[in-house]
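Results of the structural survey
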Amino acid sequence: MPSLLAAAASSSSSSTSRVVVVVDGCRKCHCVGPVLPVPDQGTESAVMCRGASDSNDYVSMLCYNYYMDSSPIASFMHRDTRPAPLIHCRMLNGKAAIEASPAPDHRSEARLRIDPKVLVFVETTYSRLGRDIAELLVYNRIKYKVEVAGKNVPVLTIQDKGRYGVIVFENLEKYLQMDNWNRQLLDKYCRDYSVGIIGFVAPSEETLVGAQLRGFPLFVHTNLRLRDASLNPGSPVLRLTRAGDTAWGPLPGGDWAIFQHNHSSYEPLEWAQRNTQDYPTDGVQPPLATVIQDHGRVDGIQRVLFGSGLKFWLHRLLFLDALSYLSHGQLSLNLERRILIDVDDIFVGEKGTRLKPDDVHALIATQNRMRAMVPGFRFNLGFSGKYFHHGTHEENLGDDMLLRNVEHFNWFSHMWNHQQPHLYDNLTTLMNDMILNKDFAKEKGIPTDSGYSVSPHHSGVYPAHELLYMAWKKVWNIKVTSTEEYPHLRPARLRRGFIHRNIMVLPRQTCGLFTHTMYIDRYPGGRDKLDESIQGGELFQTIVYNPINIFMTHMSNYGSDRLALYTFESVIKFLRCWTNLKLTSAPPLQLGETYFKLHPDETDPIWGNPCDDPRHIKIWSRNKSCDTLPKFLVIGPQKTGTTALYTFLSMHPSVASNLPNPDTFEEIQFFNGNNYYRGLDWYQNFFPVQPNGTNGRYMFEKSATYFDGELVPRRAHALLPHAKLVTILISPAKRAYSWYQHIKAHGDPIANNYSFYQVIMASDSAPKPLRDLRNRCLNPGKYAQHLERWLAYYPQQQLHIIDGEQLKSNPVEVMMELQRFLKLSPTFDYSDHLRFDNKKGFYCQIVNENKNKCLGKSKGRQYPPMDDKSTKWLQRYYQNHNSALNKLLKKLGSRPIPQWLKDDLSTTS
């Protein structure tokens, strides 16, 4: 129990009584009467007391010194465990904080000759450091290419421009030991395009002492244990990184390398000390260079060399700065970081876990200090009104205290009863619950116009529950929300945003605090684990790598030991010490607009399969099932026989297709076009759960426009990664002509006013409708190009290619092969169900001995022959595409080359 050393009471003011208490030498200010917070002064948070009298005989409120204070009674009772955000930093003290130089601008004209892409040479595709490098590049959205060292270097230029801005070697030795041809080629590229090299000294069992790097006046000592790293504040490489202080303590790993040099080309970027436990010494140790910059005065190539990998957090920052410096600013990161901290579950929580009045004051005091470091900062409070005043007496006073200080915070709506929205299957019921929360807010003076909301447990945001988006718009006019679930919780570096139903969905970050983390001595891994995240670890790096940071916390993190206050004030101080980041804050709507300006490619969502993520299943509509999703897709292209194949498949007793689309008949056309934005719920409505127990049937979908849709393979694979694909190919020239005749028969004005030859010969300056028809005739026939796009997402074992001419002439055999590919059981004997119809000129379904059921009048239509000019032009046009298809089919090796392809190739040759 702290000793009470001194106490003095009484203020001269008649309206305010004040008690000054000194506990263990720490001055504290206790106020009597109702309290109004004012901006804090210095390290103490100032509080004004109003309406108190000198006759009061108790102490009710207090000021906070780093939110560690409490009332006199509580200070005797509370376990003295609340951590204080004490970040020691030379750069934040005195003149150093004022005189810190601005971050340098690495940009120069040399960047205009190189692409913003990194070439990474790894030892193997599975090496640990190689993966760390790739993950760091992905986290910062930096493009890269990985090559296994030892092979010939890839093509480095394109049209007199360098393809890569920086070359990275996971193992520096692989660069030094390159064969002469590749080494000369790479070094010449670096000199010609002013491209720099980053290299890491790899650990090895052999310990080197003063070993010279091959060809350089540079020496290394390896396998050292080091501690206490510091940076060279005068290095031109530092931009993101700031030489804030010394990173005290042992450095990770026992295999560090240090550099020694005797040439002016080299300048240390980072130093460390020998670990005194391993290397006892009586004198002052000289600093040891652990990261060194090569200015290029030896051979004209600039380099940054690391004596250890990326396990040490400071090396991750230095690596990003090295990319920026060596690429002449082409790979520089923006230094602006916006931070929003959501406090979920306001008014929600069991007794004993909620906020008390002193917790609210600590919240305000910390917010004031954080705003001094992060302009515009305010905590963003998310409330569920149903649970207002559901705590102890003191916690209910805390609820009241929040409402008396409404104007100090930003506010957003949770659900009224904290119910997960995906559990609602009725829009009116969901809206009524939202209205209750809105009415509560209006009654209590809580703002309702933020345009932001967060769903409890992220339910209904992703996977998207359409009723939630509809209700949000109708009741709250929500424009932005956030989730940690898109596309998945882990890995956090891949979280992204999207826009659905005109609501911006931003990636939300976690900070290592959860509803149950209320006390520091119960934190998983202890305080050291939390401090590790703050001081260079996961939380620190999350802010460094993300321009927009929306953090999820809970009300319970702000009571008890107030771990959220400790965590965020500490990490902001640490960021200011070690980085040149410009920290600001803004309301959610502004953050959303900024995010999608930075990442316009993320506006379109990618709907994943909820059943591939256990977390997503828990927050997905209970009326949905992945069992109804199609197990294979007939992807087209158009006019190759896909409708006939659809008909034959529908005859199979074990196969079922989707319900018809009112607009596009048997084709849903979900993965291409605007239907995709209607969401997964819309798509699944075409595959309803069958009440008669037919869910065991093999579901499929046929949309012939999928084949050449640029976005379709990625979208399809995200939702149906295990689906099999079926495509039909005929002569591309024949397909183009068939499409033209098809839409001409349907009254298309362009086709009726232009000949086929005029259409395919249309120039890029032709009217848009004519160009569109030309493209629909010609582009789908570039078969190899489109198949390669599908094969970039699906393995070849999931692709089945049908010869369209064989489907027409011998459908029974084609369907037998398809059944084997799909592993359908029992096998359906199509010879008993198909026969050739002389009138139609193709096979039809047998109805009885004398009657067939054939496709409609639009199928099997006879067209006039293609004119010679068009035939010859198309033969030349498709020659390279057919050659590429021939090579691809041989590479796949699963089927013989179609006769029509052989004929087309022989004609052009």
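Remember, predicted model here, so these are calculated numbers, not experimental data.

Moving on, we come to the confidence of the model for the chain. Considering every residue of the chain, the mean pLDDT works out to 89; 88% of them sit at 70 or more. Confidence over residues 1-79 falls short of pLDDT 50; this stretch has 164 contacts with residues more than four positions distant or in other chains.

Another aspect to go through is the packing of aromatic side chains. In total, this model carries 54 aromatic pairs according to the counting rule given. Ring centres 5.4 Å apart and planes at 80° place the aromatic pair Phe540 and Phe574 in the edge-to-face group. In this pair, Phe540 is assigned in helix H12 (residues 538-545) and Phe574 in helix H13 (residues 563-578), connecting sequence segments 34 residues apart. Phe574 matches Phe540 in its accessibility class, with the two residues each being buried. With centroids separated by 6.0 Å and ring planes inclined at 75°, the aromatic side chains of Phe707 and Tyr783 adopt a geometry described as edge-to-face.

Another aspect to go through is the sheet that holds strand E25 (residues 498-500). Spatial ordering of the open sheet is given by E24-E26-E25, a layout of three strands whose pairing is mixed. Looking at the sheet topology across the chains shown, the edges are occupied by strand E24 (480-483) and E25. Neighbour-to-neighbour, the strand axes of this sheet turn through a mean angle of 30°, independent of strand direction. With three bridges connecting them, E25 and strand E26 (residues 503-507) associate as antiparallel partners. Residue His500 lies in a different strand from E26, and its bridge partner there is Ile503. Its contacts with the sheet place helix H10 (residues 466-476) against E24, E25 and E26, and it is angled at close to 115° to E26. Contacts from helix H14 (residues 588-598) reach E24, E25 and E26, with the element oriented near 80° to E26.

A few words on the packing of helix H23 (residues 783-791) against helix H27 (residues 879-892). Describing two packed helices takes the angle between their axes plus the distance from one axis to the other. Axis separation between H23 and H27 bottoms out at 7 Å; the angle between their running directions is 40°. Accordingly, the angle class assigned to the pair H23 and H27 is oblique. Contacts from Tyr783, Ala784, Gln785, Leu787, Glu788 and Leu791 in H23 reach His881, Ala884, Leu885, Leu888 and Leu892 in H27. Here the contact of H23 with H27 is composed, by residue class, of eight nonpolar, two polar and one charged.

Now for the environment of Lys438. Mapped onto the secondary structure, Lys438 falls in helix H9 (residues 427-444). Residues Lys438 and Ser384, 54 residues apart in the sequence, show an inter-C-alpha distance of 9.7 Å. Beyond its immediate stretch of four places on either side in the chain, Lys438 contacts Thr448, Val475 and Trp476.

You can see Arg735 is positioned in helix H19 (residues 732-745). A residue is classified by how much of its surface remains accessible, and Arg735, at 0% relative accessible area, is buried. On a C-alpha basis, the gap between Arg735 and Thr640 in space is 6.6 Å, while along the polypeptide they are 95 residues apart. Those residues in contact with Arg735, other than ones at most four positions away along the chain, are Pro637, Gln638, Lys639, Thr640, Ile730, Arg776, Cys777, Leu778, Pro780, Gly781 and Tyr783. A polar side-chain atom of Arg735 sits 2.9 Å from the main-chain carbonyl oxygen of Arg776. A polar contact of 2.7 Å, which involves the side chain of Arg735, links it to the backbone oxygen of Cys777.

A separate point is the pattern of salt bridges. The final tally for this structure, using the stated rule, is 36 salt bridges. In this structure, Lys161 and Asp115 form a salt bridge, with 3.4 Å as the shortest nitrogen-oxygen distance. Placement of Lys161 in strand E10 (residues 161-162) and of Asp115 in the loop between helix H2 (94-99) and strand E7 (117-122) is noted, with a sequence separation of 46 residues between them. In this structure Asp115 comes out as partly exposed when scored by relative accessible area, which is 22%. Of the charged contacts, one joins Arg527 and Asp531 as a salt bridge, the two residues approaching to 3.2 Å between their closest N and O atoms. With a gap of four residues between them, Arg527 and Asp531 both fall in helix H11 (residues 526-534), about one helical turn apart. Judged by its relative accessible area of 36%, Arg527 falls in the partly exposed class. One network of salt bridges, in which partners are shared, links Arg128, Asp132, Glu135 and Arg493.

Each neighbour pair has its own omega, and for Tyr462 with Pro463 the value is 0°, a cis peptide bond. Checked against the element boundaries, Pro463 lands in the loop between H9 and H10. Between Ser825 and Pro826 the backbone carries a cis peptide bond, its omega angle lying at -5°. Locating Pro826 in the fold gives a position in the loop between helix H25 (811-822) and strand E35 (834-837). Even without being glycine, Arg501 reaches a positive phi, approximately 50°.

Let's shift gears to helix H6 (residues 313-326). The first and last C-alpha atoms of H6 sit 20 Å apart over 14 residues, in line with the 20 Å expected at 1.5 Å per residue. For H6, a buried count of 14 out of 14 residues is recorded, marking the element as mostly surrounded by other parts of the structure. Looking one or two places after H6, you find His328, whose phi comes out positive at around 60°.

A few words on the nonpolar core. Within the largest apolar cluster, 168 residues are counted, with the highest numbers of intra-cluster contacts made by Phe319, Leu323, Phe379, Phe671 and Tyr683. Element by element, the count of residues in this core is highest for H13, at eleven residues. Non-local contacts of Phe671, meaning those with residues more than four positions away in its chain, are made with Leu633, Tyr676, Tyr683, Glu701, Tyr706, Val712, Arg715, Ala716, Leu719 and Leu720.

Attention now moves to the sheet that holds strand E37 (residues 851-853). Strand order in the open sheet formed by three strands is E35-E36-E37, with antiparallel pairing between adjacent strands. The sheet is open, and its two borders are formed by E35 and E37, each paired with just one other strand. Pairwise comparison of adjacent strand axes, ignoring direction, gives a mean angle of 60° for this sheet. Here four bridges tie E35 to strand E36 (residues 842-848), and the two strands are oriented antiparallel to one another. Paired with Phe836 across the bridge in E36 is Tyr843.

Below, the discussion takes up the pairing of E7. Among the six residues of E7, five are classified as buried, and the element is accordingly described as predominantly covered. Pairing between E7 and strand E8 (residues 143-148): six bridges, direction parallel. Its bridge partner being in E8, Lys117 is matched across the sheet by Lys143. Note on the crossover from E7 through helix H3 (residues 128-139) to E8: the handedness is right-handed. The pairing of E7 with strand E11 (residues 166-169) spans four bridges and is classified as parallel. By the bridge assignment for E11, Val120 is matched with Val168.

Reading the values: the criteria
Residues numbered from 1 in each chain as written. Predicted model: local features only at pLDDT ≥ 70, side-chain atom pairs only at ≥ 80, totals over all residues. Heavy atoms only, no water. pLDDT = per-residue confidence, 0-100. Contact = heavy atoms within 4.5 Å. Phe/Tyr/Trp six-rings, centres within 6.5 Å; stacked < 30°, edge-to-face > 60°. Helix = DSSP H or I, 4+ residues; strand = E, 2+ residues; numbered from the N terminus. Buried < 20%, exposed > 50% of the residue type's maximum accessible area, 1.4 Å probe, protein only. Pairing = 2+ DSSP bridges. Axes fitted to C-alpha atoms, helices over the stretch in contact; angles between N-to-C directions. Parallel < 35°, antiparallel > 145°, perpendicular 65-115°, else oblique. Nonpolar A, V, L, I, M, F, W, Y, C, P; charged D, E, K, R; others polar. Polar contact = N/O pair within 3.5 Å; in protein donor to acceptor, adjacent residues only side chain to side chain. Salt bridge = Lys/Arg side-chain N within 4 Å of Asp/Glu carboxyl O. Expected span 1.5 Å × (residues − 1). Core = buried A, V, L, I, M, F, W, Y, C linked by side-chain atoms within 4.5 Å. Right-handed = clockwise from strand over helix to strand, strands pointing away.

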